[in-house]
Amino acid sequence: DAGVTQTPRHEVAEKGQTIILKCEPVSGHNDLFWYRQTKIQGLELLSYFRSKSLMEDGGAFKDRFKAEMLNSSFSTLKIQPTEPKDSAVYLCASVGGGQNTLYFGAGTRLSVL
Amino acid sequence: AQSVTQPDARVTVSEGASLQLRCKYSYFGTPYLFWYVQYPRQGLQLLLKYYPGDPVVQGVNGFEAEFSKSNSSFHLRKASVHWSDWAVYFCAVTRTGGYKVVFGSGTRLLVSP
């Protein structure tokens, strides 16, 4: 079975650009999460979808971060406009089958210059 | 509010020696507890999870953890560390049917020859 797939693995953007990160959850999983990971802040929840409905949009990340779940097998995270402080690893995870276990993708490493 | 504390940012262990990584949680109600591992340039992977029951849970690759309600702890142990265990370890907590997983800040394990 395919795990969680994230593309691209690396992204370099200039300040002010718009970038879109992509995620394909494990097939059949209903819950999808976007996290941001930095050394200082650790893992921060950006958004949470249950059955394609947005359940949480990450509070402080609302203004420039927008996650969407276009169908049950594909999600995007748009950052617009990017700022250097957005440089981080963005992780996507999914949960399904009545379990609490998160299945993570390998992440997208974003560098904003 | 629920929280997870991993007091050691970095732990160095000699190969073949035993290991304990500490985790303290603060949670109202019955917690579900997890240890995840993150190898370099990868997403997080589940090592083991605790659901109410036997306080000692076994995980992959010889890892185990012990839940203590009185100490609010969920420490991770391994009898003999291998160089391939070099990674960052995250403790996490959630509740039954809950989606909000709270992660600790992580402990980086370094293995010396």
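Thresholds applied
- Residues numbered from 1 in each chain as written.
- Chains lettered and ligands numbered in written order.
- Predicted model: local features only at pLDDT ≥ 70, side-chain atom pairs only at ≥ 80, totals over all residues.
- Heavy atoms only, no water.
- Contact = heavy atoms within 4.5 Å.
- Buried area = accessible area lost by both parts, 1.4 Å probe.
- Salt bridge = Lys/Arg side-chain N within 4 Å of Asp/Glu carboxyl O.
- Polar contact = N/O pair within 3.5 Å; in protein donor to acceptor, adjacent residues only side chain to side chain.
- Helix = DSSP H or I, 4+ residues; strand = E, 2+ residues; numbered from the N terminus.
- Nonpolar A, V, L, I, M, F, W, Y, C, P; charged D, E, K, R; others polar.
- Pairing = 2+ DSSP bridges.
- Axes fitted to C-alpha atoms, helices over the stretch in contact; angles between N-to-C directions.
- Patch = residues over 30% accessible without salt bridge, like charges linked within 9 Å, V, L, I, M, F, W, Y side chains within 5 Å.
- Areas by Shrake-Rupley, 256 points an atom, 1.4 Å probe, with all protein chains shown as cover.
- Lys, Arg positive; Asp, Glu negative; His and termini not counted.
- Charge placed at Lys NZ, Arg CZ, Asp CG, Glu CD.
- Phe/Tyr/Trp six-rings, centres within 6.5 Å; stacked < 30°, edge-to-face > 60°.
- Buried < 20%, exposed > 50% of the residue type's maximum accessible area, 1.4 Å probe, protein only.

Caption draft 1: Layout of the interface of chain B and chain A. At the junction of the two partners, chain B supplies 20 residues and chain A supplies 15 residues. Together, the buried faces of chain B and chain A total about 1500 Å²; carbon and sulfur atoms form 53% of this surface. Looking only at chain B, the three residues that lose the most surface to chain A are L44, Y99 and F103 of chain B, adding up to 35% of its buried area. The tally of links from chain B across to chain A stands at 0 salt bridges. Our enumeration of links across chain B and chain A arrives at 4 residue pairs in polar contact (both at pLDDT 80 or more). The set of elements that each furnish at least two residues to the side of chain B that touches chain A consists of β5 (32-38), β6 (44-50) and β10 (87-94) of chain B. At 4 residues, the largest contribution of residues to the side of chain B that touches chain A is made by β5 of chain B. Considered class by class, the residues forming the side of chain B that touches chain A number 10 nonpolar, 6 polar and 4 charged.

Caption draft 2: Geometry of the sheet that holds strand β7 (residues 65-71) of chain A. Residue and element names in this part refer to chain A. Strand order in the open sheet formed by 4 strands is β1-β3-β8-β7, and the pairing between neighbours is antiparallel. Every other strand in the sheet has two partners, leaving β1 (5-7) and β7 as the edge strands with one partner each. Strand-to-strand, the axes of this sheet are offset by a mean angle of 20 degrees, without reference to chain direction. Two strands pair when backbone bridges link them, and strand β3 (residues 19-24) and strand β8 (residues 74-79) are joined in this way by 5 bridges, in the antiparallel orientation. Bridge pairing in β8 links I19 to I79.

Caption draft 3: Structural detail: a positive patch on the surface. On the surface, R9, K39 and R109 of chain A together with R10, R41 and R108 of chain B cluster together into a positively charged patch. Positionally, R109 of chain A belongs in strand β11 (residues 108-112).

Caption draft 4: A look at the packing of aromatic side chains. Throughout the structure, instances matching the rule amount to 14 aromatic pairs over all chains. For the pair F104 of chain A and Y36 of chain B, a centre-to-centre distance of 5.9 Å together with 85 degrees between the ring planes defines the contact as edge-to-face. With F104 of chain A in strand β10 (residues 103-104) and Y36 of chain B in strand β5, this residue pair bridges two chains. On the accessibility criterion, F104 of chain A (10% relative accessible area) is buried.

Caption draft 5: Inspection of unusual backbone geometry at higher detail. Geometrically, the link from T7 of chain A to P8 of chain A is a cis peptide bond, its omega value of -10 degrees lying close to zero. Structurally, the position occupied by P8 of chain A is in the loop between β1 and β2 (10-13). Omega for the bond connecting Q80 of chain A with P81 of chain A falls within 30 degrees of zero, at -10 degrees, which places this linkage in the cis form. Position of P81 of chain A among the secondary structure elements: in the loop between β8 and β9 (88-95). Phi at R41 of chain B is positive, roughly 60 degrees, even though this residue is not glycine. Considering the arrangement of structural elements, one finds R41 of chain B in the loop between β5 and β6. Here the phi dihedral of S72 of chain B falls at roughly 50 degrees; this positive angle occurs in a residue that is not glycine. Of the residues examined, S72 of chain B reaches a relative accessible area of 26% and is grouped as partly exposed.

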